[in-house]
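# Chain and residue survey
The primary structure of each chain is shown beneath.
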Amino acid sequence: MSLLSQFDPEMSEIINNEINRQRQGLEMIASENFVSRVVLEAMGTPLTNKYSEGYHGHRYYRGNQFIDDSESLAIERAEKLFNVHEGECEPERIMKANVQPHAGSQANMAAYMAMAKPGDKIMAMDLAHGGHLTHGSPVNFSGSLFNFVHYGVEKETHKLDMEKIRTQAKKEKPRIILAGYTAYPREIDFKAFGEIAREVGAYFMVDMAHIAGLISAGVHTDPIPHADVITTTTHKTLRGPRGAMILSKIEDRLQPPSPLIRGERQGGRGVKSKNLAKKVDFAVFPGMQGGPLDHIISAKAVAFAEALRPEFKEYAKQIVANAKALAESLTKNNIDLVSGGTDNHLILADLTKTGATGKEASLALEEVDIYVNKNMVPYDTRKPMNPSGIRIGTPALTTRGFNETEMKEIGKMIADIIHNINDESIKEKTRKRVKEMADAHPLYDGLVV
Ligand SMILES: Cc1ncc(COP(=O)(O)O)c(C=O)c1O
C-alpha cells in the first residue's frame, strides 16, 4: 500500500481512477503524451522544497549548489538536443536555453516582454486558423497587452501563402512575427518567415510547442537558423513533464530593448546589453515568475536525455507515420480533413458534411473511450464552444506502441462513431474493441498510488 493511499485514500482513489482512464482509453488529444516512469520519478522528489529565484551563480537564497547542477544539466541537454550549443554548432545556430518557464503561456509572455513593449504590434496566426490563445486572443493577456494582427490560411488550400504573409508584414510592420501553432497540420516554412521578418525589421519568434519533439528528431524543418527566440512546452511531442523552455539567440538584431525590460518605467535596474538571451532570462525572472519549479526542471533534464537517444528519432518518425495512416483512413471513411491531410502529428477534421458538430463528435467519442478535442476549422461558421471540427493527434498512442495498421482501424472506428452518432450498438462494439487495443499496449504497468 502506498503512503498516499494510507494517508489520503480519497485522493489516492481519484489519482488511480485517472491512471486507469489513461490506461483503458485511446488518448488522441494532439497536445498530450505519456511521460516515462523515470520522468515521473524525477517529478516527485524533494527538489520541490527548494527556493531558487535567479540563475546559476546569482541566486537570492543559499543552499542552491545542487539545484544549480540540476538546472545546468537541463540547459546543457536542451542545447545539445536542438544542436544550439556554443562551440559545437555553426554560428547561426547558437542559442541559449532557459528552462525555467512554468508553462508555454509563461514562456510566450516572457518572449514578448523581451522583444516588445505593451502596445507593440505582433503578427501571428488567427486563432480560428490554428493559432494559440497566447497568440493574441482578446480574452488572454497577449491580446489585452499587445496589438496583435493576424494572418490566416488560404480558403481553398487551408495552407499558408507566404507571399500574402510577406505583403501583410510589409504593410503592418510588426515588432514581432510569430509562427508555430496549435492546430496546423502542415509543415511550416520557417526560412521564408525568417526572411520576411528581416525584410520588415521584425523579430522572428517561433512557438514550437506542438512540434518540438519532431524538430529535435529531424522530422520537421528546423526553425533554429531563422528565429530570434523559440518557445516550447516540454510536455507535448517532446514527452517531458508539464512545463516549458525558451531558446534565444545571443545577438539582439533590433536594438534598443523594450523599456519594460530595461526597467525604465519603474526606474529600476534592467538588462541594457545587446544580448537577447539575457533579456529573455530577465523577462522570465524577475519579469514573469518567482521561484522556478526545481523538481520539474530536473524532470525536463531527464526527458531531454531520453529525447537525445536514437530511439526517440524512431518514435518521432512513427508519430508522423501514424498520423498519415490515420489521415488516410479517415479520408477513406468520408471524413473531410483540413488541408486534405497532415505532415506532422495532428489532423484537423472538418465535420460539416457529416451533420455532427465538433462538440457532439468529441462527446460521442468520449463515450467509447476515445479522447479528442473539439476545434474550430479555418473559416468556421460555428462558435468556439461548438465548432465544426475535431483535432486528433498521434503522439500519445505512438508512445504506447500503436502502429499504422492500428491507426487505420482507429480511423474507421472514429468515422463510424461520427457517421452514426446515436447508434448505441456501434458504440458498444467500439468500446469493446478500444479496450482490447488499449490492453494490448500496457501503460504504467503495475503503477498504483
Ligand atoms: C502553440 C502553443 N503554445 C503555447 C501553449 C501553451 O502551453 P501551456 O498550456 O503550457 O501554457 C500551447 C498549449 O497547448 C500551444 O499549443
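Here is a short report on the structure shown in this document.

Reading the values: rules and limits
Residues numbered from 1 in each chain as written. Predicted model: local features only at pLDDT ≥ 70, side-chain atom pairs only at ≥ 80, totals over all residues. Heavy atoms only, no water. Buried < 20%, exposed > 50% of the residue type's maximum accessible area, 1.4 Å probe, protein only. Helix = DSSP H or I, 4+ residues; strand = E, 2+ residues; numbered from the N terminus. Pairing = 2+ DSSP bridges. Core = buried A, V, L, I, M, F, W, Y, C linked by side-chain atoms within 4.5 Å. Domains from an automatic or database assignment. Contact = heavy atoms within 4.5 Å. Near = heavy atom within 4 Å. Polar contact = N/O pair within 3.5 Å; in protein donor to acceptor, adjacent residues only side chain to side chain. Areas by Shrake-Rupley, 256 points an atom, 1.4 Å probe, with all protein chains shown as cover. Nonpolar A, V, L, I, M, F, W, Y, C, P; charged D, E, K, R; others polar. 1 Å grid on protein atoms, 1.4 Å probe; cavity = no way out; pocket = protein on both sides within 12 Å on 5 of 7 lines; lining within 4 Å. Points joined across faces, edges and corners; volume = space filled by probe spheres on them.

Attention now goes to the pairing of strand E15 (residues 389-393). Burial analysis of E15 places 5 of its 5 residues in the buried class, the great majority of the element. Side chains Gly389, Arg391 and Gly393 of E15 all project onto a buried face; the interleaved residues Ile390 and Ile392 project onto the opposite face, where all are buried too. Across 3 bridges, strand E14 (residues 373-375) lies against E15 in antiparallel orientation. Looking at E15, one finds that Asn375 is bridged to Gly389.

One recurring pattern in soluble globular proteins is that nonpolar side chains are buried together. If you look at the biggest cluster of nonpolar residues, it comprises 52 residues, and the most contacted ones within it are Phe82, Tyr151, Leu160, Ile177, Tyr181, Phe193 and Met208. If you tally residues by element for this core, the top one is helix H8 (residues 190-200), at 6 residues. If you count residues domain by domain, this core takes at least three from each of domain 1 (3-30 + 311-439) and domain 2 (46-307). Filtering out sequence-adjacent residues up to four positions away, Tyr181 remains in contact with Met125, Gly130, Tyr151, Leu160, Ile188, Phe193, Asp207 and His210. Counting 32 residues, the second-largest nonpolar core is a separate cluster that includes Ile347, Leu365, Ile370 and Ile410.

The environment of the ligand is formed by 13 residues, the closest being Gly104, Ser105, Thr182, Asp207 and Lys236. With respect to the ligand, the side chain of Lys236 contributes an N or O atom lying 3.1 Å from an oxygen atom. The fraction of the free accessible surface of the ligand (390 Å²) that becomes covered by protein chains is 85%. For the shell around the ligand, the per-class residue count stands at 3 nonpolar, 8 polar and 2 charged.

Rolled over the atoms, a probe sized like a water molecule indicates the empty space that remains. Under the defined criterion, the tally for this structure stands at 2 cavities of 30 Å³ or more. Considering only enclosed or pocket space, the largest cavity measures out at about 70 Å³ in volume. Residue lining of the largest cavity: 14 residues in total, with Tyr181, Tyr184, Ile188, Ile211 and Asn344 positioned closest to the centre. A class-by-class count of the residues in the lining of the largest cavity yields 7 nonpolar, 5 polar and 2 charged. Residue assignment places the lining of the largest cavity across two domains, with domain 1 (3-30 + 311-439) and domain 2 (46-307) each supplying three or more. As a volume, the second largest cavity reaches approximately 30 Å³. Looking at the lining of the second largest cavity residue by residue, the class counts come to 4 nonpolar, 3 polar and 2 charged.

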